[in-house]
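Observations on the three-dimensional arrangement
Here is what each chain is made of, one letter per residue.
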Amino acid sequence: MPLQNLLSSLPPAGPDEHFQTLLSRSGLRLERIVSHGHASPAGFWYDQDEDEWVMLVQGHAELAFEDGEHLTLSTGDWLLIPAGRRHRVAATGPDTVWLALHLSA
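Read on for an overview of the structure. Within every chain, residues take consecutive numbers counted from 1 along the sequence as written. Residues qualify for local features only when their pLDDT is at least 70, as the model is predicted, and side-chain atom pairs are given and counted only at 80 or more; totals for whole chains, interfaces and linings, by contrast, use all residues. Water and hydrogen atoms play no part in the side-chain values, which are based on all heavy atoms of the structure.

**Remarks on the sheet that holds strand E7 (residues 87–92)**
If you trace the three strands from one edge of the open sheet to the other, you get E5-E4-E7, paired in antiparallel fashion. One side of each edge strand has no neighbouring strand; the edge strands of this open sheet are strand E5 (70–74) and E7. Taken over all neighbouring pairs, the strand axes of this sheet differ in orientation by 25° on average, direction set aside. As paired strands, strand E4 (residues 60–65) and E7 are joined by five bridges and run antiparallel to one another. Residue pairing in the sheet places Ala61 in a bridge with Thr92 of E7. Criterion used throughout: strands pair if DSSP finds at least two bridges between them. The helix count covers DSSP runs of H or I at least four residues long, the strand count covers runs of E at least two residues long, and both are numbered beginning at the N terminus. Geometry is summarised by axes, namely lines fitted to C-alpha atoms with helices restricted to the contacting stretch, and by angles between N-to-C directions that run from 0 to 180 degrees.

**Notes on the sheet that holds strand E1 (residues 18–25)**
Strands sit in the order E1-E2-E8-E3-E6 across an open sheet of five strands; the sheet is antiparallel. The strands lining the two open edges of the sheet, one partner per strand, are E1 and strand E6 (78–81). Across the sheet, the mean angle separating the axes of adjacent strands is 20° when strand polarity is ignored. By the bridge criterion, seven bridges tie E1 to strand E2 (residues 28–35) in an arrangement that is antiparallel. Within E2, the residue paired with Ser24 across the bridge is Arg29.

Scope: geometric values only; no functional claims are made or implied.
Now the structure itself:
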């Protein structure tokens, strides 16, 4: 696999976030997510069967959880979202880049 850079070739702003799988193995999927002012649709909640570790590589974002918790993320912030914890992207800034590691049980 050739050398690549996580912050190069960012897709332009569009109607949807851009998801790119960087690595996939049994029980593990690593994605780069690029957001340009995106948010989850009103009333939509992610409710995943896998744990998700996310890191904000660049930009800023806000996550909301169904239990009322609200987090503001800055560059370098990361957290583990356990499987089944309903959450949504409340807001993102331009050129926001995430790493998301999905871990199956």
